[in-house]
Amino acid sequence: MQVIFPALDIRVKNVAKTYSLEHKGESNLFDHLFELLNSYMQDDENFPRELASCTGALQTSISQHMAKEEEQVFPLLIEKFSLEEQASLVWQFLCSIPVNMMAEFLPWLSSFCSPDEYQDIHKCLSKIVPEEKLLQQVVFTWMEGRNGADCLDSADGASQSLDSIICPCESSKTGKRKYLEPSNNVMDMDGIHPMNEILLWHNAIKRELNEIAEEARKIQLSGDFSNLSVFNERLQFIAEVCIFHSIAEDKVIFPAVDGELSFSQEHAEEENQFNDFRCLIETIQNAGAVYSSAAEFYSKLCEHADQIMETIRMHFHDEEVQVLPIVRKNFSFKRQRELLYQSLCVMPLTLIERVLPWLVGSLTDNDARNFLKNIQLAAPATDTALVTLFSGWACKGRNQGMCLSPNGSGCCVKSFTDIEEDFVRSCCGCASALRMNEPVRKDEVKRPVKRNFSVSCNNDNASDQSDTEDAHKPSCNERSCCVPGLGVNSNNLRLSSLSTTKSLRSLSLSSSAPSLNSSLFVWETDNNLSDIGSAERPIDTIFKFHKAISKDLEYLDVESGKLIDGDETFLRQFIGRFRLLWGLYRAHSNAEDDIVFPALESKETLHNVSHSYTLDHKQEEKLFEDINSVLSELSHLHEIHVPENLTELPGSSDADFLRKYNELATKLQGMCKSIRVTLDHHIFREELELWPLFGKYFSVEEQDKLVGRIIGTTGAEVLQSMLPWVTSALTQDEQNKMMDTWKQATKNTMFNEWLNECWKKPSESSLQNEMSEVGISHKDNDFQDSLDQSEQMFKPGWKDIFRMNQNELESEIRKVYRDSTLDPRRKAYLVQNLLTSRWIAAQQKLPQAAPSETSNDEDILGCSPSFRDPENETFGCEHYKRNCKLRAACCGKLFTCRFCHDKVSDHSMDRKATIEMMCMGCLKIQPVGPTCITPSCNGLSMAKYYCNICKFFDDERNVYHCPFCNLCRVGKGLGIDYFHCMTCNCCLGIKLVNHKCLEKGLETNCPICCDFLFTSSATVRALPCGHYMHSACFQAYTCSHYTCPICSKSLGDMAVYFGMLDALLAAEELPEEYRDRCQDILCNDCDRKGTARFHWLYHKCGYCGSYNTRVIKTETQTSDCSTTHQ
């Protein structure tokens, strides 16, 4: 995370952050698993199931993470980085892993590889690791593990003991070894406890912090913070040292001394203070010269520096008083050295390369020699090359890198030449190693540029001198140690470059995984993240669904443990709840994939920001499918496990059932835990990374449009399930805000009317007068409280209208016109009914016709079946195929559909007011519904499709109810083949997402036939200009016209036709008296004014080339008719 993603982010933006957040989530999963293991108690029946669930969740999370990286990250790395750059990144990655972890990681990796894969890894490492033999010896010793190290020792002919200590400066290129006599005080070192080295670390850290505090005061006095980057770099280094020093104490020293001894709180406090200090510095760096309160910054800078110094001073004092005496008393020198060496190996190579020179440079010569001797005495024989590397790096901290070994004793374990010879022979001796003794051919590995450096000896020609010249060589104390460096730029690992890592502020600034839980992880977190939820935005509605999803995920996780009881009723309830969650999650994720994420990607600075979340949705869909499969198996087991089947083999079948059922129930519990963890992490990352982007890059209007598009692709059935599901997880205030946002997005539609009708109680669905507004029921109090109550408007009843005289009636009509709260379509409806109300009311008061006036009362009511296909006796009418008749609320007669009613009546039928129907199978009148309730019909379906709001039946076509038109439309449904445009307030084909919007464009009459388009049953066509007409009218109209009858713009691509006119005019000659005349024209297509040569019919626009123009002025004769813009 500290190497690969920062490098990738420089070349491909918006990829790294989400994976870094995933790393943190996986770290938390490991922590939870460790806590569970530590809390294990005997006879805990739930422990095995909980352990299996947590382990399964961790396995699922990591597997999905790796699969995503392989699909998204790896191809980008291969595409954006050359082979040499890839090798350099991998080497930096290896150097960023703690040394003790590397010693376990590489052998562990090798244990899972086949011989061929092992050879491939070995070849790759030979290309990745710099060519210096010492570095290769270190890495391949780790690769071989303990067995390989033994092989290395045997190949050398003798184990390397501390008695053969030799300085690398005394080696020659001939490979001759020079062994020295062991020092007599190597083991006791004058009785000085090795653990006293902790004091050396403490003193070095305090000295560095004192200098930082002094530098802060100098900045305060000078008022110059132009060089803060260097100050920041220094602070960052000492912060890393302190953090790894704390980790070493927590992981190595304190557990060995006393398992209950801990300074974790002090360590956490120090990390928080370093975090605050770093944030303060970055704040002033980002603000630059415009920083308005410099004095305040200076005081805070000094205050933070003094505070850190005091905290660490007290912490170190407590450790020295409480810990060191115990270590000195209870541990041998050997054990103390081992603890110190293990503590050093907690750091990664990159940090050790910088820390050792820094530490040794602050010590006296004697302390420095003792420090290196302790390392050499504590290190196992397998770490010979590693100790040589450490010793050489430590020597660089002395004056000009001078070797610390007096007379070649006590510095480095072996010479470079010996290391190289051992390395060559060991590779020959190991059966698992490749033929490393053969020189690497240039055609196999091309390495034009070395990625490492080494500090060479002062005498560059020393390698050419013979053994006879040894007397003329400078002594070891006068020469620098020839130890190679890693060749890794520490800035690349520590993210100190603000210009290249600004987008990765949430990444850890330390160079090792153990510090992921540190507060340094969020040193550079974007400040905008803290603003989440501070101001309500339209897009927040979408993220309200996360709360409902999390609530149901918790239900699945907790309640899945109860399935082990085998309750079939509970299983059915659990399956229903799961499938509701699955369906609503799918609708939510599809909306994000199809609408929200493309909107983010459309912003140039946000490319690639959502790709990872799209991959998440695919993986989560697979998890839902797997859970559904297990639930189906459980349900099937219940179906086949009937008691009568157990009589043949008593007990055996029942035992098999219980065994298999328990296995499936346990598996299901783990899967529910996995999907909860996966989706919770997904939601957390989405809200942390994507949510703030909408407030930063999208205006409120753009967010409203996004919400409208999302809602516009959601069908009525989904909304009916979704709204109570979401609102049940929200507070009352959140419900109100969500519904206000939805109403704002759907202000041009019939959505509020649909809500009222959808949530109306069954008892309130009786016939109501046509001018009254539909009231809002309180079936779901939590949900309905968030809806507006009925609008205050004119609501006279039929009796009131019947008593009105003409003047009173006109007065009420004027009131309707003045009511600004009414929708224009509603106004027209009310006025029309008011104008005809007296006649309608009078007709309803007329007495019933005498029996003598008709031969059959049933024929008057229409109580007889009608057929769409009389030969096959298919029920229905010429308009629809259905098995019922509707009883009109206005006149009480039975008709197959409203068109049949309107055809023979002098008034229109309100189908939504219908409350009764007649089944044409049994001829019984009954409440309207999808099936016949008469026992003789045995639940006969009235049609394949039934809408409870529109009281509409259709047995032939695909029909859906649009909650925004509040009408039934022909099609498969919203989000499938249609969507509802909130601006135009009409349903359009899904391919017309990018169309020209015209507010309430469908709420008008067809310009050809004058039929009202919004409620028309005929197919409607959208024109390029944004207007609409019937498709049949369009076909007839375009036979003789090519312009819109409303705005006169061209109805399509007229390039061919205009080309024909060009040819026609080119061949036509005008009379001489008209040739020099010009006319002012207005182009209907581009709306520009210009001039054109005189013609009786055709005038070409000089801007767009269209002939769809009109003459606005005829000019006199002129010699120039060039087009001019006005």
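Heads up: the structure comes first, above all this text.
Below: a short report on this structure. The residue numbering used here restarts from 1 in each chain and proceeds along that chain's sequence as written. Confidence filtering applies because this is a predicted model: local features only for residues at pLDDT of at least 70, side-chain atom pairs given and counted only at 80 or more, and all residues used for totals across whole chains, interfaces and linings. By convention in this description, side-chain values take in all heavy atoms of the structure and omit both hydrogens and water.

### Re a nonpolar patch on the surface
Next, step 1: On the surface, F30, F34 and L37 cluster together into a nonpolar patch covering about 280 Å² of accessible area.
Next, step 2: Of note, F34 is situated in helix α2 (residues 16–38).
Next, step 3: On the basis of relative accessible area, F34 is assigned to the partly exposed category, the value being 47%. Here a patch means residues that are over 30% exposed by relative accessible area and free of salt bridges, tied together within 9 Å if like-charged and within 5 Å if nonpolar (Val, Leu, Ile, Met, Phe, Trp, Tyr). In this description, accessible areas are obtained by the Shrake-Rupley approach with a 1.4 Å probe, and a residue is regarded as covered only by the protein chains that are shown. Salt bridges are defined by distance alone: a side-chain nitrogen of Lys or Arg within 4 Å of a carboxyl oxygen of Asp or Glu. Working definition: helices are DSSP H or I runs of at least four residues, strands are E runs of at least two. Numbering for both runs from the N terminus. Relative accessible area decides the class of each residue, using a 1.4 Å probe on protein chains only: under 20% of the type maximum gives buried, over 50% gives exposed, and in between gives partly exposed.

### Looking at the pairing of strand β15 (residues 1077–1083)
Next, step 1: With six of its seven residues buried, β15 lies for the most part within the structure.
Next, step 2: Sheet analysis places β15 next to strand β16 (residues 1089–1093), joined by five bridges and oriented antiparallel. Across the sheet, residue C1078 finds its bridge partner in β16, namely R1093.
Next, step 3: Counting the residues in the hairpin turn of β15 and β16 gives five residues, including D1087, whose phi is positive at 60°. For two strands to count as paired, DSSP must find a minimum of two bridges between them.

### Things to note about the pattern of salt bridges
Next, step 1: With the rule as written, the count across this model stands at 35 salt bridges.
Next, step 2: For E734, the salt bridge is made with K547, and the minimal N-O distance between the two is 2.9 Å. Residue E734 is found in helix α25 (residues 732–745), and its partner K547 is found in helix α19 (residues 540–559); the two are separated by 187 residues along the sequence.
Next, step 3: Look at K547 and you get partly exposed, because its relative accessible area is 37%.

### Considering the sheet that holds strand β3 (residues 884–887)
Next, step 1: What the four strands build is an open sheet, ordered β4-β3-β5-β6; its pairing is antiparallel. Unpaired on one side and paired on the other, β4 (894–895) and β6 (925–927) mark the two borders of the sheet.
Next, step 2: Alignment of β3 against strand β5 (residues 916–919), held across three bridges, turns out to be antiparallel. The residue bridging C884 from the neighbouring strand is C919, located in β5.

### Comments concerning the environment of C395
Next, step 1: Tracing the backbone through its elements, the reader meets C395 in helix α16 (residues 384–395).
Next, step 2: Overall, the relative accessible area of 0% leaves C395 in the buried class.
Next, step 3: Residues C395 and V483 lie 88 residues apart in sequence; the distance between their C-alpha atoms is 9.2 Å.

### Side note on the pairing of strand β12 (residues 986–989)
Next, step 1: Pairing between strand β11 (residues 978–981) and β12: four bridges, direction antiparallel. Residue pairing for β12: F979 is matched across the bridge by L988.
Next, step 2: Between the antiparallel neighbours β11 and β12 lie four residues, among them N985 with a positive phi of about 55°.

### With respect to the packing of α2 against helix α21 (residues 611–640)
Next, step 1: Fitting a line to C-alpha atoms yields each axis, with helices limited to the stretch in contact; the angle taken between N-to-C directions then spans 0 to 180 degrees. Packing of α2 against α21 brings their axes to within 8 Å, and their N-to-C directions diverge by 50°. Between α2 and α21, the crossing angle belongs to the class labelled oblique. Here T18, Y19 and E22 of α2 lie close against α21, whose contacting residues are S612, Y613 and D616.
Next, step 2: In terms of residue class, the contact of α2 with α21 is built from two nonpolar, two polar and two charged. Put simply, angles under 35 degrees are roughly parallel, angles over 145 are roughly antiparallel, angles from 65 to 115 are roughly perpendicular, and the rest are oblique. Two residues form a contact once any of their heavy atoms are found within 4.5 Å. Gly falls in the polar group here, along with every residue not listed as nonpolar (Ala, Val, Leu, Ile, Met, Phe, Trp, Tyr, Cys, Pro) or charged (Asp, Glu, Lys, Arg).

### Focus: the packing of helix α4 (residues 83–95) against helix α6 (residues 115–128)
Next, step 1: The N-to-C vectors of α4 and α6 enclose an angle of 95°; their axes lie 9 Å apart at closest approach. Classified by the angle their axes make, α4 and α6 are roughly perpendicular. Residues A87, V90, W91 and L94 of α4 form the contact with α6, whose own contacting residues are L125, K127 and I128.
Next, step 2: Among the residues forming the contact of α4 with α6, the class breakdown is six nonpolar, no polar and one charged.

### Thoughts on the packing of aromatic side chains
Next, step 1: Only Phe, Tyr and Trp rings are paired, with Trp represented by its six-membered ring, and only when their centres lie within 6.5 Å; those with planes under 30 degrees apart are stacked, over 60 edge-to-face, the remainder tilted. Applying the stated criterion across every chain yields a total of 32 aromatic pairs.
Next, step 2: Ring geometry for F694 against F698: centres 5.3 Å apart, planes inclined by 35°, an arrangement best described as tilted.
Next, step 3: Judged by relative accessible area, which is 1%, F694 ranks as buried.
Next, step 4: In textbook terms, an aromatic cluster arises when at least three aromatic residues are bridged by ring pairs, as seen for Y1042, Y1057, F1058, Y1098 and Y1107.
Next, step 5: Sitting above the plane of the F698 ring, K603 keeps its charged end 4.7 Å from the centroid.
Next, step 6: Of note, R969 hangs over the ring of F1014, and the distance from its end group to the ring centre comes to 5.2 Å. Any Lys NZ or Arg CZ that is within 6 Å of a ring centre and within 35 degrees of that ring's normal is treated as a charge sitting over the ring.

### Side note on the nonpolar core
Next, step 1: Here the nonpolar core consists of buried residues drawn from Ala, Val, Leu, Ile, Met, Phe, Trp, Tyr and Cys, with membership extended through side-chain atoms lying within 4.5 Å. Ranked by internal contacts, the top residues of the largest apolar core, which has 97 residues, are W91, I238, W358 and F390.
Next, step 2: Among the elements that take part in this core, helix α9 (residues 228–257) stands out by supplying 15 residues, more than any other.
Next, step 3: When residues no more than four places from it in sequence are discounted, the contact partners of I238 are I205, E208, L209, I212, F274 and W358.
Next, step 4: By size, the runner-up hydrophobic cluster in this structure holds 90 residues, among which are L563, L637, F657 and L679.

### Looking at unusual backbone geometry
Next, step 1: Positioned with a positive phi, L923 is a non-glycine residue whose angle comes to about 60°.
Next, step 2: Not every positive phi belongs to a glycine, and S1048 is a case in point at roughly 70°.
Next, step 3: You can see S1048 is positioned in the loop between α33 (1031–1037) and α34 (1055–1067).
Next, step 4: For S1048, a relative accessible area of 26% puts it in the partly exposed group.

### Digging into the side chain of T914
Next, step 1: Within the element layout of this structure, T914 appears in the loop between α32 (898–904) and β5.
Next, step 2: You can call T914 buried: its relative accessible area is 0%.
Next, step 3: At a separation of 2.9 Å, a polar atom in the side chain of T914 contacts the main-chain carbonyl oxygen of R911.
Next, step 4: Ignoring sequence-local partners within four residues, the contact set of T914 consists of L886, R887, M909, V928 and K951. Definition of a polar contact: a pair of N or O atoms within 3.5 Å, with one able to donate and the other able to accept a hydrogen when the atoms are protein atoms, and with sequence-neighbouring residues admitted only if both atoms are side-chain atoms.

### Quick notes on the state of the cysteines
Next, step 1: Sulfur atoms of two cysteines make up a disulfide when they are within 2.5 Å. Going through the model one piece at a time under the given rule, you end up with zero disulfides.
Next, step 2: Take C962: it sits in no disulfide, and the sulfur closest to it among the cysteines is that of C987, at 3.5 Å.
Next, step 3: Classification of C962 by relative accessible area gives buried; the value is 0%.

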